[in-house]
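# Analysis of the macromolecular model
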Amino acid sequence: MTLVKPAEEKSTDLEDVLDKLSIYKSYHLRIAILIFLAFASNTVYCSNFIFVAESVNYTCIKYSSDSNSTSDCEEWQYDNPDSFVAEFQLANQEWKRTLIGTVHSLGYMVGLLIVGPMSDRLGRRNTLVVTGVLGGVFGVARSFSHWYWLYLAFEFLEGAIGDSCSPAYILITEVVSTSQRIKFVLMCSIGYAFGGLVIALTAWTIPYWRTFLQVIYTPALLLFFYKYLLDESPRWLLIKGNKDEAVKILEKAAKKNDQKLDRNVVEKLSCQNNESKDFLKTVKSTFSSNVLRVRFFVCLVWWTTSTFVSYGLTINSVSLQGNKYLNYALLSAVEVPGLFVVSYILIYCKRKLPLICCFFAAAILCVSQPFVPLGMPWLSILFYMAGKLMSSFYFNITYLYTSELFPTYTRNSMHALCSSLGRIGSIISPQTPLLMQYWFGLPSLTFGLASLFAGLVTFMVPDISNDSLPDTVREAEELGKSKKSMKSLEIDYIKSDITRF
């Protein structure tokens, strides 16, 4: 077996031990598979409203007056009487149908303030289990609801405390070293695309929305067994002072990976524990700089555009020409090569030019898509898929770029603030199908203009690929001016939020 030799330092940093454990061996591959499934379920639960509350045609068959106005209609006839719209009698109330997605995103935004502290207090694994099982419970409960507002309440609760994505994401970033983190996250993140394929094919196979919800949410109850299949984060255990348990998990990982940890190494194990600072003080110190205030505005535009366009394109994909289920499945499948491409960009390329190019390319594709001739559905879908791919690219680049533009002591706080406020985009995006009442291409045109604006404001920030990460406000203000070599990034920003999707 391979022997992991102790470091020369008197104390051994956890990072040095994790760096010796390969992510391609038994222990980490099992974690990758389990989180892959958790991410797949996250996609299914965040986007099922697209098929559950799908648009249905209806006509009035009885008016209360001779005006023949829809506002005077007493009885409606639905093309699909078993649909969500028909069972909740939502004719002529399109806003109630689209409100489902908005409420879920609002719940998720609120959940960022709940699940994060819960994860810090209870642990990554325990929070993953609790939120995952609650998500299944709320989902199944929705399938039995016969009152619209109760359904909406369950939708909000699921988004707020029934989303296991955040603790799962934090867990996978803490069980591997910095040098392996991007690759390991990439392996697990393919689950998002897989979830998109699953929900499209399941919705195609099971058209009745109540049965559909029961089928996709019941497996979430099995996440309870993750308590026995997953280990807690060694980093979290060390920070909480539970060194013995952390050592036990690391030795277990080494054994399954056919390695052996020297006892002298683990006895000296330590982990950097950053003391928490007052959130308002750290934000205030950053906003004292005019340069960083402008930078914050730009980052906020990035985040709002990323969530608005990415989720909006996904939601409106079922309105494209052709089979809506296949269109949605293709939209999910295109994410897979996109993950590999963007990982290459993040590792080997600069930030500013690729980000601007992705914003502008998405703008061109989204603005052009509505003008494709109706007799060429393949070309319309191609433009749409390419636009979605570009939005995926700039979402991922935004995630990293935001972290590199602010000083160390306020980096996580600013990243969390931009991410949280930027979720307004995902709250608005479910309402974009309403724009089709005025013109079928208006949603795509709106996504294109938003991407164009985000690309233009990107010129206001420096390209920091050749600079060291700033530690102070003054150093942050000087970004783009110095020619120092960039420090290797400890991707601590990942812990401050999740999300993509």
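The structure reproduced in this document is the subject of the present report. Each chain has its residues counted from 1, running along the sequence as written. The predicted nature of this model means local features are confined to residues of pLDDT at least 70 and side-chain atom pairs, given and counted, to a pLDDT of 80 or more, with totals for whole chains, interfaces and linings taken over all residues. Note: side-chain values were computed over all heavy atoms of the structure, leaving out hydrogens and water.

Let us look at the overall build of the chain. Secondary structure is summarised from DSSP: a helix means a run of H or I of at least four residues, a strand means a run of E of at least two, and numbering begins at the N terminus for each. The secondary structure content of the chain amounts to 24 helices and 6 strands. Here the chain holds 501 residues, and 55% of them are scored as buried. Of the roughly 22000 Å² of accessible surface on the chain, 62% is carried by carbon and sulfur atoms. Relative accessibility decides the category of a residue: with a 1.4 Å probe and only protein chains considered, values under 20% of the type maximum give buried, values over 50% give exposed, and everything between is partly exposed. For the accessible areas, the method is Shrake-Rupley and the probe is 1.4 Å, while residue cover comes only from the protein chains on display.

On to the nonpolar core, then. Only buried residues count toward a nonpolar core. Its members are Ala, Val, Leu, Ile, Met, Phe, Trp, Tyr and Cys residues joined through side-chain atoms within 4.5 Å. The biggest cluster of nonpolar side chains holds 45 residues, and the ones touching the most others in it are Trp302, Val309, Leu355, Tyr394, Ile397, Tyr401 and Leu405. If you list the elements that add at least two residues to this core, you get α16 (290-316), α18 (335-348), α19 (352-368), α20 (377-404), α21 (408-422) and α23 (442-457). Counting residues per element, this core draws most heavily on α20, which supplies 12 residues. Working rule for contacts: check all heavy atoms of both residues, and any pair within 4.5 Å makes them a contact. Once you skip the residues sitting within four places of it in the chain, Ile397 turns out to touch Val342, Ile345, Leu346, Arg351, Pro354, Leu355 and Cys358. Formed by 38 residues, the second largest nonpolar core is a distinct cluster that contains Val44, Tyr45, Ala53 and Ile100.

Another point: a nonpolar patch on the surface. Taken together, Leu222, Phe224, Phe225, Tyr228 and Leu229 make up a surface patch of nonpolar side chains, about 540 Å² in accessible area. Within the element layout of this structure, Phe225 appears in the loop between α10 (209-217) and α11 (226-229). Exposure above 30% relative accessible area and the lack of any salt bridge qualify a residue for a patch; like charges then connect within 9 Å, and the nonpolar side chains Val, Leu, Ile, Met, Phe, Trp and Tyr within 5 Å. A side-chain nitrogen of Lys or Arg and a carboxyl oxygen of Asp or Glu constitute a salt bridge if their distance falls within 4 Å.

Bringing the pattern of salt bridges into the picture now. Scanning all chains against the criterion turns up 9 salt bridges. In this structure, Lys324 and Glu54 form a salt bridge, with 2.2 Å as the shortest nitrogen-oxygen distance. Remark: Glu54 occurs in the loop between α3 (49-52) and β3 (58-63) and Lys324 occurs in helix α17 (residues 324-333); sequence separation between them is 270 residues. Glu54 gets classed as buried once you look at its relative accessible area, which sits at 18%. A salt bridge links Arg210 to Glu87; the shortest N-O distance between them is 3.0 Å. On the criterion of sequence distance, the pair formed by Arg210 in helix α10 and Glu87 in helix α4 (residues 84-87) is long-range, its members being 123 residues apart. We classify Arg210 as buried; its relative accessible area is 7%.

What follows deals with α20. The span you would expect from a helix comes to 1.5 Å times its residue count less one. Taking 1.5 Å as the rise per residue, α20 with 28 residues should run 40 Å; its terminal C-alpha atoms sit 41 Å apart, in good agreement. At every residue, the bend is computed as the angle between two fitted axes, covering the seven residues ending there and the seven beginning there respectively. Approximately 25° is the largest bend angle found in α20, and it occurs at Thr398. For α20, the tally of buried residues reaches 23 of 28 residues, placing the bulk of the element in the interior.

Geometry of aromatic contacts follows a simple scheme: Phe, Tyr and Trp rings, the Trp one being its six-membered ring, pair when their centres are within 6.5 Å, and the pair is stacked under 30 degrees between planes, edge-to-face over 60, tilted otherwise. Under the defined criterion, the tally for this structure stands at 28 aromatic pairs. A ring pair is formed by Phe224 and Tyr228, whose centres lie 6.0 Å apart and whose planes are at 70°; its orientation type is edge-to-face. The class for Phe224 is partly exposed, based on a relative accessible area of 39%. Among the aromatic residues, ring-to-ring pairing joins Phe84, Phe88, Tyr148, Trp149, Tyr151, Tyr208 and Trp209 into one connected group. Its end group placed over the ring of Tyr148, Lys96 keeps NZ or CZ at 5.4 Å from the ring centre. Distance and angle both matter: a charge sits over a ring if NZ of Lys or CZ of Arg is within 6 Å of the ring centre and within 35 degrees of the ring normal.

For the rest of this paragraph, the subject is the layout of surface pockets. Definitions used for this entry: grid spacing 1 Å over protein atoms alone; cavity, a set of points where a 1.4 Å probe fits but cannot get out; pocket, an open set with protein on both sides within 12 Å along at least 5 of 7 lines; lining residue, one with an atom within 4 Å of a point. Grid points are joined across faces, edges and corners, and a volume is the space filled by probe spheres set on the points. Considered as a void within the structure, the second largest pocket measures approximately 630 Å³ in volume. Surrounding the second largest pocket, 31 residues form its lining, Ala53, Glu54, Ser55, Val56 and Arg97 being those nearest its centre. Contributions of two or more residues to the lining of the second largest pocket are made by α3, α5 (94-122), α10 and α17. Under the scheme applied here, ten amino acids are nonpolar (Ala, Val, Leu, Ile, Met, Phe, Trp, Tyr, Cys and Pro), four are charged (Asp, Glu, Lys and Arg), and all others, including Gly, are polar. Looking at side-chain class alone, the lining of the second largest pocket contains 20 nonpolar, 7 polar and 4 charged residues.

Where helix α9 (residues 178-205) meets α17, the axes come as close as 8 Å, and the angle between the chain directions of the two elements is 170°. Regarding the angle of α9 to α17, the classification is roughly antiparallel. Here Ala193, Gly196, Leu197, Ile199, Ala200, Ala203 and Trp204 of α9 come into contact with α17, specifically with Tyr325, Leu326, Tyr328, Ala329, Ser332 and Ala333. The convention used is that axes are lines fitted to C-alpha atoms, helices contributing only their stretch in contact, and that angles between N-to-C directions extend from 0 to 180 degrees. Should an angle fall under 35 degrees it is called roughly parallel, over 145 degrees roughly antiparallel, and 65 to 115 degrees roughly perpendicular, with every other angle called oblique.

Let us now look at unusual backbone geometry. The phi dihedral of Gln89 is positive, around 55°, even though this residue is not glycine. Relative to the helices and strands, Gln89 resides in the loop between α4 and α5. Gln89 gets classed as partly exposed once you look at its relative accessible area, which sits at 47%. A positive phi angle is found at Asn92, which is not glycine, with a value near 65°. By the secondary structure assignment, Asn92 is in the loop between α4 and α5.

What follows is about the environment of Leu261. With respect to the secondary-structure elements, Leu261 resides in strand β5 (residues 259-261). The buried category is assigned to Leu261, whose relative accessible area is 10%.

Next up on the list: the environment of Val185. Relative to the helices and strands, Val185 is located in helix α9. When the C-alpha positions of Val185 and Ser343 are compared, they lie 9.8 Å apart, and in sequence the two are 158 residues distant.

Any two cysteine sulfur atoms lying within 2.5 Å of each other are counted as a disulfide. In this structure the tally under the stated criterion is 1 disulfide. A sulfur-sulfur distance of 2.0 Å marks the disulfide that ties Cys60 to Cys73. The sign of the S-S torsion, about 105°, decides the handedness of the disulfide formed by Cys60 and Cys73: right-handed. One end of the pair, Cys60, is in strand β3; the other, Cys73, is in strand β4 (residues 73-78), with 13 residues separating them in the sequence.

Moving on, we come to the packing of helix α8 (residues 165-174) against α9. Direction vectors running N to C along α8 and α9 enclose 150°, while the axes themselves pass 9 Å from each other. With respect to each other, α8 and α9 are oriented roughly antiparallel. Taken as a pair, α8 and α9 cross one another with a handedness that is right-handed. Contacts from Cys165, Tyr169, Ile172 and Thr173 in α8 reach Arg181, Phe184, Val185, Cys188 and Tyr192 in α9. Residue composition of the contact of α8 with α9, by class: 7 nonpolar, 1 polar and 1 charged. It is the rotation of the near helix from the far one that decides the hand of a crossing: anticlockwise by less than a right angle makes it left-handed, clockwise makes it right-handed.

The values reported here are purely geometric and, on their own, carry no functional implication.
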